[in-house]
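Topology and contacts: notes
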Amino acid sequence: MSSSLYQFKKEPGLSISAASTTATHVDGPTTSSKASKTLPFRVGHGFDLHRLEPGYPLIIGGIDVPHDRGCEAHSDGDVLLHCVVDAILGALGLPDIGQIFPDSDPKWKGAPSSVFIKEAVRLMHEAGYEIGNLDATLILQRPKLSPLKESIRANLSELLGADPSVVNLKAKTHEKVDSLGENRSIAAHTVVLLMKK
Ligand SMILES: [Zn+2]
């Protein structure tokens with residue numbers, strides 16, 4: 001890996017600074033901030049995982065899901081909303097949820113995850129983007145989410161201010177293997193496409 005990177009940097013016509021930037025090396029002297037403003041689309045990925053422990057509520061996408069355990073976390077432990085926030089922040093080229101909303105800041109301490117989503121959406125609009133579409137996958141062994149999937153999707157769409165037709169939610173088990181499959185954790189992946197307004 002490192003040797004191929006070294007060869008890439010040594011290619012004729014590419015300066016070290018151009019080769020070491022990730023966003024602008026094909027566009028010549030354009031600065032990264034200028035390039036980001038002109039991008040018509042931006043894609044972002046989010047991942048989150050929480051430990052499941054007895055005695056905690058299980059909140060997914062802002063919906064209370066009946067289960068024998070829930071997420072031990074400083075906020076409401078909403079794995080889906082955290083993951084969606086990280087995808088939006090990632091698409092905007094911003095730091096992750098823990099850096100934007102540190103639990104050491106009283107402003108965010110104990111806040112429900114809907115507050116983080118609303119702030120991420122505000123940052124998205126401030127940057128001049130809107131949701132193109134979003135696709136999320138929840139991974140949990142139990143409980144079966146199918147009865148609540150539409151409620152979760154509707155609530156997530158509302159929090160995002162997006163039409164439900166562009167918000168997709170999938171759920172799958174982890175085939176009973178590892179912590180996810182043993183009902184000891186829950187995880188989520190999200191990919192989001194933002195479009196310039
Ligand atoms: Zn989280």
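Relevant structure appears above.
The text that follows walks through the structure, step by step, so that each part is easy to find. Just so we're clear, the structure is a prediction, and the values are computed from it rather than from any experiment. (Residues numbered from 1 in each chain as written. Predicted model: local features only at pLDDT ≥ 70, side-chain atom pairs only at ≥ 80, totals over all residues. Heavy atoms only, no water.)

1. Overview of the sheet that holds strand 5 (residues 129-139)
Strand order in the open sheet formed by five strands is 4-1-7-5-6, and the pairing between neighbours is mixed. Both edges of this open sheet fall to strand 4 (70-71) and strand 6 (167-172), since each of them pairs with a single strand only. With 11 bridges joining them, strand 1 (residues 41-53) and strand 7 (residues 185-196) adopt antiparallel strand pairing. The residue of strand 7 that forms the bridge with Leu 49 is Ala 187. Strands strand 5 and strand 7 of the sheet are contacted by helix 6 (residues 113-126), whose axis makes an angle of about 145° with strand 5. Those strands touched by helix 7 (residues 149-160) are strand 5 and strand 6, and its axis lies near 140° from that of strand 6. (Pairing = 2+ DSSP bridges. Helix = DSSP H or I, 4+ residues; strand = E, 2+ residues; numbered from the N terminus. Contact = heavy atoms within 4.5 Å. Axes fitted to C-alpha atoms, helices over the stretch in contact; angles between N-to-C directions.)

2. Notes on the pattern of salt bridges
Evaluated as defined, the whole model comprises eight salt bridges. With its nearest N and O atoms 2.7 Å apart, the salt bridge here joins Arg 51 to Glu 53. By relative accessible area, which is 25% here, Glu 53 ends up partly exposed. Linking Asp 135 and Lys 170 is a salt bridge whose minimum nitrogen-to-oxygen distance equals 2.9 Å. You can see Asp 135 sitting in strand 5 and its partner Lys 170 sitting in strand 6, a full 35 residues away along the chain. Classification of Asp 135 as partly exposed rests on a relative accessible area of 30%. Each member of the salt-bridge network shares a partner with another, and the members are Arg 51, Glu 53 and Glu 72. (Salt bridge = Lys/Arg side-chain N within 4 Å of Asp/Glu carboxyl O. Buried < 20%, exposed > 50% of the residue type's maximum accessible area, 1.4 Å probe, protein only.)

3. Focus on the packing of helix 6 against helix 7
Remark: helix 6 packs on helix 7, axes separated minimally by 9 Å, with the N-to-C direction vectors making an angle of 45°. By the criterion of interaxial angle, the relationship of helix 6 to helix 7 is oblique. Facing Ser 114, Ile 117, Lys 118 and Val 121 of helix 6, the residues of helix 7 in contact are Leu 156, Leu 159 and Leu 160. Considering only residue class, the contact of helix 6 with helix 7 consists of five nonpolar, one polar and one charged. (Parallel < 35°, antiparallel > 145°, perpendicular 65-115°, else oblique. Nonpolar A, V, L, I, M, F, W, Y, C, P; charged D, E, K, R; others polar.)

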